[in-house]
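Descriptive structure summary
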Amino acid sequence: MIVDVPGGKDPIAYVWGELVPGIGTAASKFSMAVYAHTTLGLREFEAARLRIAQINGCVFCLDWRTERDGVKVEDGFADAVADWRATDAFDARTRLAAEYAERYALDHHGLDEEFWSRMTDHYSQNEIVELSMSIGSWWAFGRLNHVLGLDTACMLTGGPAPSVRPTESASDRPSEGT
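Treat the numbers as computed from the prediction; the structure is a model and nothing was measured.

Another aspect to go through is the packing of aromatic side chains. Summed over all chains, the structure comprises 10 aromatic pairs. Their ring planes at 70° and their centres at 5.5 Å tell us that Y100 and W116 sit as a pair that is edge-to-face. Here W116 lies in helix α7 (residues 113–122) and Y100 lies in helix α6 (residues 92–106), a separation of 16 residues in the sequence. The exposure class of Y100 is buried, given its relative accessible area of 4%. With relative accessibility at 29%, the residue W116 sits in the partly exposed group. Feature note: the residues Y35, F45, W64 and W138 constitute an aromatic cluster, connected by ring pairs.

So, in structure tokens, the structure goes:
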């Protein structure tokens with residue numbers, strides 16, 4: 001880990017909440033809003049999130065699974081995301097979410113008319129903006145956690161991933177996987 005975290009302190013909470021509270025708290029609220037206010041289906045949400053986690057190499061993000069109303073994506077979903085071009089496990093929206101995440105992270109200048117035509121065939125403008133903001137959050141904060149070495153200090157312990165629903169207060173929850 002790049003940052004010296006005092007003994008007994010949670011690395012994510014310390015870095016995000018104590019070292020730079022003016023920025024970290026706002027960033028955490030944005031990150032939590034992606035989970036609390038999404039209108040996207042779980043599979044397309046997780047396909048985009050996991051593809052960014054795979055690209056960033058964030059160990060915490062790779063280990064994380066978003067849960068909604070007690071439901072998570074199936075075992076093997078992450079492998080299908082890595083093979084999004086060829087997998088038969090995805091519908092068009094899920095495949096596009098994984099593709100968009102990859103291109104957003106690796107070739108945003110290559111998002112051409114053909115790609116946008118396919119996106120607008122399957123996603124509304126609101127959904128495209130929401131997916132774009134979600135991907136931006138995961139890309140930035142997952143990369144930040146990985147670069148600072150926080151991702152290996154904050155791996156999940158095998159318990160259920162907490163979920164945030166619009167009825168919960170995101171500001172009361174710790175920063176989740178990005």
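We now examine the pattern of salt bridges. Overall, the coordinates contain 11 salt bridges when judged by the stated rule. Across the salt bridge formed by E46 and R49, the nearest N and O atoms sit 2.6 Å from each other. Taken together, the positions of E46 and R49, both in helix α3 (residues 42–56) and three residues apart, correspond to about one turn of that helix. Across the pair, R49 and E46 agree in class, each one buried. Here R85 ties to E102 by a salt bridge, and the two come within 2.6 Å at their closest N and O atoms. Placement of the pair is R85 in the loop between α5 (77–82) and α6 and E102 in helix α6, with a sequence separation of 17 residues.

The rules behind the values
Residues numbered from 1 in each chain as written. Predicted model: local features only at pLDDT ≥ 70, side-chain atom pairs only at ≥ 80, totals over all residues. Heavy atoms only, no water. Phe/Tyr/Trp six-rings, centres within 6.5 Å; stacked < 30°, edge-to-face > 60°. Helix = DSSP H or I, 4+ residues; strand = E, 2+ residues; numbered from the N terminus. Buried < 20%, exposed > 50% of the residue type's maximum accessible area, 1.4 Å probe, protein only. Salt bridge = Lys/Arg side-chain N within 4 Å of Asp/Glu carboxyl O.

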